[in-house]
Amino acid sequence: MACTSCSTSDGGAPKGCKNNGTCGTDSCNKLTVFDWLSNMSPSNGEAIFDCVEVRFKNGRKEFFRNSEKLTLSIGDIVATVASPGHDIGIVTLTGELVKIQMKKKGVNYESNDVPKIYRKASQKDIDIWSVARDREEPMKVRARELAIQHKLEMKISDIEFQGDGSKATFYYTANDRVDFRMLIKDFAKEFSTRVEMKQVGFRQEAARLGGVGSCGRELCCSTWLTDFRSVNTSAARYQQLSLNPQKLAGQCGKLKCCLNYELDTYMDALKDFPDYDTKLVTEKGDAVCQKQDIFKGLMWFAYTNNFANWHVLKIDQVKEIIAENKQKNKVSSLEDFAIEVTSEPEKDFNNAMGQESLTRFDQPKKKKKPNRKRKQNAEAASVGAPAKPQQEKNINHAKPAGNNTNPNNGNTNKPNNQNNPNKQNHKKKHNSNKNNPNKPNSNENKPAEARKPIINKNENKK
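Residues numbered from 1 in each chain as written. Predicted model: local features only at pLDDT ≥ 70, side-chain atom pairs only at ≥ 80, totals over all residues. Heavy atoms only, no water.

Asker: Describe the nonpolar core, and please don't skip the residues or the numbers.
Answerer: The biggest cluster of nonpolar side chains holds 20 residues, and the ones touching the most others in it are Met154, Ile156, Phe170, Phe187 and Met197. Looking at this core, the elements with two or more residues in it are α3 (136-149), β6 (155-161), β7 (167-173), α4 (181-191) and β8 (194-199). No other element matches the four residues that α3 contributes to this core. With residues near it in sequence (within four places) discarded, Met197 still touches Met154, Phe170, Tyr172, Phe180, Ile184 and Phe187. (Core = buried A, V, L, I, M, F, W, Y, C linked by side-chain atoms within 4.5 Å. Buried < 20%, exposed > 50% of the residue type's maximum accessible area, 1.4 Å probe, protein only. Helix = DSSP H or I, 4+ residues; strand = E, 2+ residues; numbered from the N terminus. Contact = heavy atoms within 4.5 Å.)

Here you go:
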């Protein structure tokens, strides 16, 4: 089903999704073919090829004959022959390129069995078509529930309504043969429509539903790939890929189709290489291949009695040793032919503007300033704190022997000056001359010019 922005206009023509033909979401531009013969007119007065290609839901395409000689172009919505009734589709290809596509798909364009196009779809046809398409999603949910109730090992992947709404095709996948006769009866009662069941493979299911692969692009089978070639694990071995099924499998659960794309190139490059199972006979012992680099033309060999040490040889050197072994001659050792592979230094690409940092736009974190109020409160709390138990014991021992009930007598209710060093220092500053009258002032003994002015620190803080 096309995206919501691709809905048709009042006149019956599709609006398009305003992506200039590059939308690949939900079969909007699925499996399209570029008509490179559109600007070429038939030569020698030949008539235009009377067959067209019509696309239905999820990339399903069929060929129809334009027996009514309608003026059709790409994007026109037409009513085609169906069994029973009629179906609604969109024209995707016209002209001589349709003949080439029919030859490629193995369809005989001269046969009378090619279905026909009735007419261009009217607004009434498009309304019935759109209403039927809106029923597909809720029907799919209910159909899956019914299949679970019957305990059938099958998965209903998609539902496609015919253009006139008279028939619904249920596409499903299953590993084994499924007996769904009772399920069809329930579908007919539940949905009140003609039911048709079609089994598809897992790759066809992925092609119909679409998705995004591990490469970050849309699936090849849902965008441009039309023929499904078998993929073997040997394709991964030739390309020296790790046989990890989680990495080699696609959305369909099968091996990725892209494993075949570069296989021919690897096969051509491996023609110049000796067989991987070739053994090299030396005086130190037999050596077997452990690794090969197709692009650099290198092979790594190790002795059978010492697999820890690998020796790098070029292809020409390996062929030379094989030729000596065919003449029943042993070479001295692999070390005589081995080369040293120097590791290339890592390239460090730096931006000339110095903006390669990922956090260059982040605001720098502010440093926390020390809270002076907390320090002052802590000092004040320490001043008013009670004396330690050991000090209180010493004070109690210093009391006179008699019972003194006067709270003003004794030192128990007075603050302890030992626990308040700031207060003692403050008293020393102001009462230094009073407590020590015999000690002369340092500034009084000095001459007037040498006397240092006394600066009040509290005034500077203000």
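Asker: Break down the packing of α3 against α4 for me, with residues and values.
Answerer: For the pair α3 and α4, interaxial distance at closest approach is 11 Å and the crossing angle is 145°. The hand of the α3/α4 crossing is right-handed. Contacts between α3 and α4 pair Met139, Arg142, Ala143, Leu146 and Ala147 from the former with Leu183, Asp186, Phe187, Glu190 and Phe191 from the latter. In terms of residue class, the contact of α3 with α4 is built from seven nonpolar, no polar and three charged. (Axes fitted to C-alpha atoms, helices over the stretch in contact; angles between N-to-C directions. Left-handed = near helix turned anticlockwise from the far one by under 90°. Nonpolar A, V, L, I, M, F, W, Y, C, P; charged D, E, K, R; others polar.)

Asker: I'd like a rundown of the side chain of Thr92, residues and numbers included.
Answerer: Following the sequence through the fold, Thr92 ends up in strand β4 (residues 86-93). Of the polar contacts made by the side chain of Thr92, one reaches the side chain of Glu53; its length is 2.8 Å. With residues up to four places along the chain from it excluded, the contact list for Thr92 reads Glu53, Val54, Arg55, Lys61 and Ile74. (Polar contact = N/O pair within 3.5 Å; in protein donor to acceptor, adjacent residues only side chain to side chain.)

Asker: Break down unusual backbone geometry for me, citing the residues and quoting the values.
Answerer: Comment: phi is negative for the bulk of residues other than glycine, and the bulk of peptide bonds are trans. Cis geometry is adopted by the peptide bond preceding Pro84, which originates at Ser83 and carries an omega value of -5°. Note that Pro84 resides in the loop between β3 (77-81) and β4. The phi dihedral of Lys151 is positive, around 60°, even though this residue is not glycine. Structurally, Lys151 can be placed in the loop between α3 and β6. Note on Lys151: relative accessible area 75%, which makes it exposed. A positive phi is found at Gln240, a non-glycine position, where the angle reads about 60°. For Gln240, the position within the fold is in the loop between α7 (233-238) and α8 (245-248). Exposure remark for Gln240: the relative accessible area of 42% places this residue in the partly exposed category.

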